[in-house]
Amino acid sequence: MIQHIIARLRQGHRTLAYPKVMPQLPDRYPGRPDIDPAACDACGACAAACPTGAISLENGLALDLGRCLFCTDCAAACPRTAIRFTGDFRLAVSHREALVLRGQPFELAQPLPPERLRLFKRSLKLRQVSAGGCNACEADTNVLGTLVFDLGRFGIQFVASPRHADGVLVTGPVTQNMRLGLEKTWHAAPEPRVGIAVGACAISGGPYAGHAEANDGCAAFLPDLYVPGCAPHPWTILDGLLRLLGREQTG
């Protein structure tokens, strides 16, 4: 027994201090893209390089984070540096329209309305549904339960049944095989339930958008939170959840 105690003392405290202390991500992490429409000469190189059609040049340069895979091919292809990646992991938003970048200030997610925030701020139980995902978003969601992130310290937990849940967190493009299951899960969660779309697939269908066997994400459920990425970093997901509950880092 004494050996276990000594080992624990040597290991120390492994849970990171976020949101009081901002995490340090590696330099290779691209983070949120930023665009400068004034620098764009509409050459089309960035749009041609994008594998999901996330970039539009109609009415000026626009980048849809809901479809972006964060591959950075657009930035590499642009000869005028009109697109750059900032390294900022804070990406979650409250409205689908906020994911379309046109050079405006980025609008991060806002807390739930007061009447719903009062119910969920101190305790939020979520049922996670993998609606045909590749398991990347699922893995980065599941890792939030480890001691590094320790989601439970914020009162947020994943539960086994939607009837025990305050909301549903969806990953994957919502394939035809999972559509009915997702609908049943959504309606089984008691109102006023919370809807969360995690990853490009859940937001827009990602690389599977337009496929006959996919439903282009869960937009039909009008999520309260959109977390873009392929896959979103665990810090991005956690930051979005805390912003939804009005408990984000304020410094």
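Every value quoted in this text rests on a predicted model; they were computed, and no experiment measured them. (Residues numbered from 1 in each chain as written. Predicted model: local features only at pLDDT ≥ 70, side-chain atom pairs only at ≥ 80, totals over all residues. Heavy atoms only, no water.)

Caption draft 1: Structural view of the pairing of strand β9 (residues 194-198). With five of five residues buried, β9 is to be regarded as a mostly interior element. Side chains Val 194, Ile 196 and Val 198 of β9 all project onto a buried face; the interleaved residues Gly 195 and Ala 197 project onto the opposite face, where all are buried too. As judged from the four bridges shared by strand β8 (residues 167-171) and β9, these two strands associate in the parallel manner. When the bridges of β9 are listed, Gly 167 appears paired with Val 194. Read from β8 through helix α6 (residues 176-188) to β9, the crossover connection turns out right-handed. With three bridges connecting them, β9 and strand β10 (residues 225-227) associate as parallel partners. (Buried < 20%, exposed > 50% of the residue type's maximum accessible area, 1.4 Å probe, protein only. Helix = DSSP H or I, 4+ residues; strand = E, 2+ residues; numbered from the N terminus. Pairing = 2+ DSSP bridges. Right-handed = clockwise from strand over helix to strand, strands pointing away.)

Caption draft 2: Structural view of the sheet that holds strand β3 (residues 62-64). Strands sit in the order β2-β3-β5 across an open sheet of three strands; the sheet is antiparallel. Strands with a single pairing partner mark the edges of an open sheet, and in this sheet they are β2 (55-56) and β5 (100-101). The sheet contact formed by β3 and β5 spans two bridges and is antiparallel. Residue pairing in the sheet places Asp 64 in a bridge with Val 100 of β5.

Caption draft 3: Broad picture of the packing of aromatic side chains. Under the defined criterion, the tally for this structure stands at four aromatic pairs. Summarising the aromatic geometry, the rings of Tyr 18 and Phe 89 are spaced 6.0 Å apart at their centres and angled 70° between planes, so their arrangement reads as edge-to-face. With a gap of 71 residues between them, Tyr 18 in the loop between α1 (2-11) and β1 (33-35) and Phe 89 in the loop between β4 (83-85) and β5 connect regions that are remote in the sequence. Residue Phe 89 is classed as buried on the basis of its relative accessible area of 5%. Chaining the aromatic ring pairs together yields one cluster made of Tyr 18, Phe 89, Phe 149 and Trp 235. (Phe/Tyr/Trp six-rings, centres within 6.5 Å; stacked < 30°, edge-to-face > 60°.)

Caption draft 4: Spotlight on α6. For α6, with 13 residues, the first-to-last C-alpha span of 19 Å sits near the 18 Å given by 1.5 Å per residue. If you check which residues of α6 are buried, you get Leu 182, Thr 185, Trp 186 and Ala 188. Within α6, the buried residues cover an arc of 160° as seen down the axis, which keeps them to one side. Within α6, the exposed residues directed more than 90 degrees away from the buried face are Leu 180, Lys 184 and His 187. Where the residues of α6 are buried, they touch β6 (124-130), β8 and β9. (Expected span 1.5 Å × (residues − 1). Arc of directions from axis to C-beta. Contact = heavy atoms within 4.5 Å.)

Caption draft 5: Quick look at a nonpolar patch on the surface. On the surface, Met 1, Ile 2, Ile 5, Ile 6 and Leu 9 cluster together into a nonpolar patch covering about 550 Å² of accessible area. Here Leu 9 shows up in helix α1. (Patch = residues over 30% accessible without salt bridge, like charges linked within 9 Å, V, L, I, M, F, W, Y side chains within 5 Å. Areas by Shrake-Rupley, 256 points an atom, 1.4 Å probe, with all protein chains shown as cover. Salt bridge = Lys/Arg side-chain N within 4 Å of Asp/Glu carboxyl O.)

Caption draft 6: Focus on the environment of Ile 196. Relative to the helices and strands, Ile 196 resides in strand β9. The class for Ile 196 is buried, based on a relative accessible area of 2%. Once the C-alpha coordinates of Ile 196 and Ala 219 are considered, the two residues, 23 residues apart in sequence, prove to be 10 Å apart. With residues up to four places along the chain from it excluded, the contact list for Ile 196 reads Leu 126, Val 168, Leu 169, Val 170, Pro 223, Leu 225, Leu 241 and Leu 244.

Caption draft 7: Representation of the nonpolar core in the model. Counting 66 residues, the largest nonpolar core has Leu 63, Leu 65, Ile 83, Ile 156, Leu 182 and Ile 196 as its most contacted members. Among the elements that make up this core, the one with the highest residue count is helix α8 (residues 234-244) (six residues). Sequence-distant contacts of Leu 65, defined by excluding residues within four places in its chain, comprise Arg 32, Pro 33, Phe 70, Leu 91, Leu 99, Leu 101, Phe 106 and Pro 228. (Core = buried A, V, L, I, M, F, W, Y, C linked by side-chain atoms within 4.5 Å.)

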